[in-house]
Every structure is written in C-alpha cells, then in structure tokens.
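A structural walkthrough
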Amino acid sequence: MIELVPMTPDFVAAVLDGRREEAGALLGIELPDEFPSEGEKGFLGLRLRQMREDERFQTWCPHAVVLGGQMVGHAGYHGPPGVNSTQNPGAVEFGYRIFPPYRGRGYASQAAKMLMDLAGQRAGIQHFVLSVAPDNEPSLAIVRKFGFRQTGERMDEEDGRELVFELNRSGVASP
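Residues numbered from 1 in each chain as written. Predicted model: local features only at pLDDT ≥ 70, side-chain atom pairs only at ≥ 80, totals over all residues. Heavy atoms only, no water.

Re the pattern of salt bridges
Evaluated as defined, the whole model comprises 11 salt bridges. Two residues, Arg19 and Glu22, come together in a salt bridge whose shortest N-O distance is 2.7 Å. Under the relative-accessibility criterion, Arg19 is labelled partly exposed at 32%. Using a relative accessible area of 40% as the deciding quantity, one classes Glu22 as partly exposed. (Salt bridge = Lys/Arg side-chain N within 4 Å of Asp/Glu carboxyl O. Buried < 20%, exposed > 50% of the residue type's maximum accessible area, 1.4 Å probe, protein only.)

Here it is as structure tokens:
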C-alpha cells in the first residue's frame, strides 16, 4: 500500500537546489535518480512560490507517493478549494504522476482515492475536478473508474488541450 507524504516548502526548496539527500531526509524517503525532471522543476517552483505566498497552499500541497520508503511518484492538489479549472469555490482539483517503472500497478488510483478522502476529512470537500489530456488513456481509465463526468475542455499553457471532468461524491447535484 502506498502512502502520501506532504511535500513541505523546505523539501521542495532542497529538491530544487539539488540537495537531494537533504530533501529525502526531510521526508524520510528515498528519491529516484530521475526526480525531478525539467518539467517537474517548473511545477515544483510554482508550488513553492504558492506555499510561501499563501499558507493555505501548505495544507493543499503536493505529496510524494511513497512505497516502502521509496518515492514512486507524486500527487496533490492544484491548491485550496476554489483553485481549480472550473473556479468552483467548493471543489478541489488534483493530479498525479507515477514514475514509469511503477505504472500499471494501481498506485495512481490509490493516490486519487486517498486525495479525495483527505479533502473530505480536511474540509468536507466532496466535489473534485480533473483535467486530462485526451490521449492520456491511463488517466482516462481512472476518470471512468471513479465515475467522473466530462463537463468541459480547456487549453493548458504547458500541456495543451485538456478535458475537464468533475465528480461530486456527496450525491448532491453540484452548483
């Protein structure tokens, strides 16, 4: 079973500064050699700025996906409730990435469920948003597995065209 370990600002800063051993020690995990990629450096830099500028982002932060002490990916929220591609104040958007050697084992599905459960525990959030590239079949499978429904499309500056999906776990129609 995986764990989600919150990435602290100190961890992210150490990763971005190339202080990998220090970063791993801060969270008590082992980092894979390929982490962070160039794309992940941009993402982590953005999250670090957000966490430093708005303390809510420290609660709604990225997490290391950890299996047996080894980081096998990362998953987390795009920000606090309301920071999502639908601008719904009662929803959170999240994403996930499992590193290639660990894909196909259900870890992304586990991380998605854990993030949704955690949002419910933290703030009663039951409305979730996912933005997925139309050709990302593994993520589209997760969308289908949890019953998300497509509610729109958007153009992401870095990722291009994405399909927007929403899920309301409370069973109540969303606003």
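As for the packing of aromatic side chains
Here the structure, examined in full by the defined rule, presents five aromatic pairs. Taking 4.9 Å as the distance between ring centres and 75 degrees as the angle between the ring planes, the aromatic pair formed by Trp60 and Tyr77 counts as edge-to-face. Separated by 17 residues along the polypeptide, Trp60 in the loop between α4 (56-59) and β2 (62-67) and Tyr77 in strand β3 (residues 70-77) bring together distant segments of the chain. When sorted by exposure, Trp60 lands in the same class as Tyr77, which is buried. An angle of 75 degrees between the planes, with centres 6.2 Å apart, marks the rings of Phe94 and Phe128 as edge-to-face. Here Phe128 lies in strand β5 (residues 127-132) and Phe94 lies in strand β4 (residues 91-98), a separation of 34 residues in the sequence. Note on accessibility: Phe94 and Phe128 belong to one class, buried. Just above the ring of Trp60 sits the side chain of Arg122; from NZ or CZ to the centre is 5.7 Å. (Phe/Tyr/Trp six-rings, centres within 6.5 Å; stacked < 30°, edge-to-face > 60°. Helix = DSSP H or I, 4+ residues; strand = E, 2+ residues; numbered from the N terminus. Lys NZ or Arg CZ within 6 Å of the ring centre and 35° of its normal.)

Thoughts on helix α1 (residues 9-16)
A large share of α1 lies buried, amounting to six of its eight residues. Taken residue by residue, α1 has Pro9, Phe11, Val12, Ala13, Ala14 and Val15 as its buried positions. Elements that come into contact with the buried residues of α1 comprise α2 (20-27), α3 (38-53) and α4. A positive backbone phi angle near 80 degrees is found at Gly18, which sits one or two residues after α1. (Contact = heavy atoms within 4.5 Å.)

A few points about the sheet that holds β3
In space, the seven strands of this open sheet follow the order β1-β2-β3-β4-β5-β7-β6, with mixed pairing throughout. In this open sheet, the two strands that pair with only one neighbour each are β1 (3-6) and β6 (149-156). Between one strand axis and the next, the sheet turns through 30 degrees on average, direction left out of account. Taken together, the six bridges between β2 and β3 define a ladder with antiparallel strand orientation. Pairing of Ala64 across the sheet is with His74, part of β3. (Pairing = 2+ DSSP bridges. Axes fitted to C-alpha atoms, helices over the stretch in contact; angles between N-to-C directions.)

Let's talk about the environment of Glu93
When you line up the elements, Glu93 lands in strand β4. For Glu93, a relative accessible area of 2% translates into the label buried. Ignoring anything within four residues of it in the chain, the contact list for Glu93 reads Gly76, Tyr77, His78, Val83, Asn84, Ser85, Val129, Leu130 and Ser131.

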